[in-house]
Amino acid sequence: MKIHHIKYPEIPETGGNEYSVAAGFFDGIHRGHQEVIGHAMDVAREKGLSPAVMTFDPHPSAVLGNRKEVTYITPYKQKMQLLEEMGTDTVFVISFTGEFASMTPEQFVECYIRRLGIRHITCGFDFSFGRFGKGKPDDLERLSEGDYGVSVIGKVTEEDEKISSTRIRSMLSEGDVSGAAQLLGRPLMTDGTVIEGDKRGRLIGFPTANVDPVPGSCLPAPGVYAVTFETDGRLHAGVLNAGYRPTFKDPSDTFLSVEVHLLDFEGELYDKPVRVRWIRRIREERKFAGIDELKAQIGRDREEARLILAAQHDS
Ligand SMILES: Cc1cc2nc3c(=O)[nH]c(=O)nc-3n(C[C@H](O)[C@H](O)[C@H](O)COP(=O)(O)O)c2cc1C
Ligand SMILES: Nc1ncnc2c1ncn2[C@@H]1O[C@H](COP(=O)(O)OP(=O)(O)OP(=O)(O)O)[C@@H](O)[C@H]1O
């Protein structure tokens, strides 16, 4: 898959290729996004065009400043991997700058559709672009003069409400990872590396792999979760604690640890790249009176995770 990074006003050399693109930020590549991207690919096949995606980096809210801290359901690398798996040949990643954001719809169409060789553009019903987000799908049609086709995908919903990145982020902030998986069409995936912890886990009888998530990962609310843990091409069942370990740590310690106890694995994992898939929340993190109580609870968490993951496997 070819990735073109574009910074306004540059236009990359694409060797005369002609594209069918899906346009949008696409954080999460959820079921709504999958419909938009899937349609762009169908058109590419029908018309003999190259299947492509046009996306932006960073998230517009990082530049327009309406979100405090910008985290991603699918950080950049994972998003690229998912797009490639869906059959995308080319991705145009446009730097989302103040200058780009203030283009008129006419400028956007001239620079990023006509001059890039785009012959068909697919977007969702609420796609917007250009100054104040004023450019709408209708404008794409109005400005095309027959040079390119436009498809607008209607609202994809779950329980009568639009599936959106914002909705998924809000579910994650409440720990509802199974609800989020329903909208994503797959579980939330967190990529990271195994780092050293305080080595207390082994002492209490539950060794854990401490995961350092890739920067900018959008994590679910603190708590205990049933997860799968993929490393070295193998999938392990696990029970994860995301939190501040109040039983051992000072409340002023604000480092969020993400640690996974693997149900059927013992061995060395330091420095390995891993992918955690969040399956279901089990409970909140709590401060226990002592180690014995904590150990008993982790034992119950482990059994609950085992049942959740076995049921998921059977279904
Ligand atoms: C499934 C699971 C649940 C946990 N729940 C809690 C909890 O509710 N409260 C808490 O203080 N620590 C909890 N912990 C964290 C333990 O305190 C932690 O594993 C131990 O401190 C080891 O830390 P280390 O890996 O940094 O050595 C949990 C850990 C696991 C694996
Ligand atoms: N549920 C949906 N149904 C149809 N089209 C959608 C849906 N969600 C997003 N799209 C379209 O997919 C593209 C990418 O959308 P965008 O990245 O803004 O996603 P979003 O989920 O709506 O995000 P946010 O919650 O941040 O607004 C846009 O063209 C948008 O119109």
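This one's a predicted model, so the numbers in the text were calculated from it and none came from an experiment.

A.B. asks: What's the story with the layout of surface pockets in this structure? I'm lost.
C.D. replies: Where empty space is left in the structure can be found by rolling a water-sized probe over the atoms. Roughly 1000 Å³ of volume is contained in the largest pocket. Lining the largest pocket are 40 residues, with G24, F25, D126, F127 and S128 sitting closest to its centre. Those elements giving two or more residues to the lining of the largest pocket turn out to be α1 (31-47), α2 (60-64), α4 (98-101), β5 (118-124) and α7 (165-173). Considered class by class, the residues forming the lining of the largest pocket number 18 nonpolar, 15 polar and 7 charged.

A.B. asks: Which parts of the structure should I look at to understand the sheet that holds strand β2 (residues 19-23)?
C.D. replies: Whether parallel or antiparallel, the strands of a sheet pair through hydrogen bonds between backbone atoms. Pairing is parallel in the open sheet, where 6 strands are placed in the order β1-β4-β3-β2-β5-β6. At either end of the open sheet lies a strand with only one pairing partner, and these are β1 (2-6) and β6 (149-153). Averaged over all neighbouring strand pairs, the angle between strand axes comes to 20 degrees, with direction disregarded. Judged from the 5 bridges that link them, β1 and strand β4 (residues 90-95) form a sheet pairing that is parallel. The residue bridging H5 from the neighbouring strand is V93, located in β4.

A.B. asks: What should I look at first to understand α7 in this one?
C.D. replies: The periodicity of an α-helix, 3.6 residues per turn, causes residues three or four places apart in sequence to face the same way. Residues S165, R167, I168, R169, M171 and L172 constitute the buried set of α7. Immediately beyond the C-terminal end of α7, within one or two residues, lies G175, with a positive phi of roughly 80 degrees.

A.B. asks: Honestly, the site of ligand 2 in this entry has me stumped. Any pointers?
C.D. replies: In the vicinity of ligand 2 lie 21 residues, with H30, G124, D126, K162 and T166 positioned nearest. With respect to ligand 2, the backbone of A23 contributes an N or O atom lying 3.0 Å from an oxygen atom. At 2.9 Å from an oxygen atom of ligand 2 is found a side-chain nitrogen or oxygen belonging to H33. For ligand 2, the accessible surface in isolation is 600 Å², of which the surrounding protein chains cover 87%. Cavity membership is defined here by more than half of the atoms lying within 2 Å of grid points; on that basis ligand 2 lies in the largest pocket. Those elements that place two or more of their residues in the shell around ligand 2 are α1, β5 and α7. Among the elements that take part in the shell around ligand 2, α1 stands out by supplying 3 residues, more than any other. The class makeup of the residues in the shell around ligand 2 is 9 nonpolar, 9 polar and 3 charged.

A.B. asks: Explanation requested: the pairing of β6 in the structure shown.
C.D. replies: Every other side chain in a regular strand lies on the same face of the sheet, so the side chains alternate between the two faces. By the criterion of burial, β6 is predominantly enclosed, with 4 of the 5 residues buried. The pairing of β5 with β6 spans 5 bridges and is parallel. When the sheet's bridge partners are listed, G124 is paired in β6 with I153. A crossover links β5 with its parallel partner β6, the connecting element being helix α6 (residues 137-142), and its sense is right-handed.

A.B. asks: Explanation requested: the domain arrangement of the protein chain in the structure shown.
C.D. replies: For the protein chain, the assigned domains read domain 1 (2-162) and domain 2 (187-314). At the interface, 7 residues of domain 1 touch 8 residues of domain 2. Counting every contact that joins domain 1 to domain 2 gives 0 salt bridges. There are 5 residue pairs in polar contact (both at pLDDT 80 or more) connecting domain 1 and domain 2. Among the residues forming the side of domain 1 that touches domain 2, the class breakdown is 4 nonpolar, 3 polar and no charged.

A.B. asks: It is not clear to me how the site of ligand 1 should be interpreted in this structure. Could you clarify?
C.D. replies: In the vicinity of ligand 1, 22 residues are found, and the nearest of them are D198, R200, R245, T247 and R286. Between ligand 1 and the protein, one listed contact pairs an oxygen atom with a side-chain N or O atom of T247 at 2.7 Å. R286 is positioned such that a nitrogen or oxygen atom in its backbone is 2.6 Å from a nitrogen atom of ligand 1. For ligand 1, whose unbound accessible area comes to 630 Å², protein coverage reaches 99%.

A.B. asks: Would you explain the packing of aromatic side chains in this entry?
C.D. replies: When we look at a pair of aromatic rings, we describe it by the centre distance and by the angle of the planes. Summed over the entire model, instances satisfying the criterion amount to 11 aromatic pairs. Put simply, the rings of F56, F96, F100, F108, Y112, F127 and F129 pair up and form one aromatic cluster. The cationic tip of K79 hangs over the ring face of F25; the distance from NZ or CZ to the ring centre is 3.9 Å.

A.B. asks: Can you help me understand unusual backbone geometry in this one?
C.D. replies: Excluding glycine, most residues fall at negative phi; most peptide bonds, likewise, are trans. P9 follows Y8 through a cis peptide bond whose omega is 5 degrees. With respect to the element layout, P9 can be found in the loop between β1 and β2. Cis geometry is adopted by the peptide bond preceding P58, which originates at D57 and carries an omega value of -5 degrees. Topologically, P58 is positioned in the loop between β3 (50-57) and α2.

Quick notes on the rules
Residues numbered from 1 in each chain as written. Chains lettered and ligands numbered in written order. Predicted model: local features only at pLDDT ≥ 70, side-chain atom pairs only at ≥ 80, totals over all residues. Heavy atoms only, no water. 1 Å grid on protein atoms, 1.4 Å probe; cavity = no way out; pocket = protein on both sides within 12 Å on 5 of 7 lines; lining within 4 Å. Points joined across faces, edges and corners; volume = space filled by probe spheres on them. Helix = DSSP H or I, 4+ residues; strand = E, 2+ residues; numbered from the N terminus. Nonpolar A, V, L, I, M, F, W, Y, C, P; charged D, E, K, R; others polar. Pairing = 2+ DSSP bridges. Axes fitted to C-alpha atoms, helices over the stretch in contact; angles between N-to-C directions. Buried < 20%, exposed > 50% of the residue type's maximum accessible area, 1.4 Å probe, protein only. Near = heavy atom within 4 Å. Polar contact = N/O pair within 3.5 Å; in protein donor to acceptor, adjacent residues only side chain to side chain. Areas by Shrake-Rupley, 256 points an atom, 1.4 Å probe, with all protein chains shown as cover. Sits in = over half its atoms within 2 Å of the grid points. Right-handed = clockwise from strand over helix to strand, strands pointing away. Domains from an automatic or database assignment. Contact = heavy atoms within 4.5 Å. Salt bridge = Lys/Arg side-chain N within 4 Å of Asp/Glu carboxyl O. Phe/Tyr/Trp six-rings, centres within 6.5 Å; stacked < 30°, edge-to-face > 60°. Lys NZ or Arg CZ within 6 Å of the ring centre and 35° of its normal.

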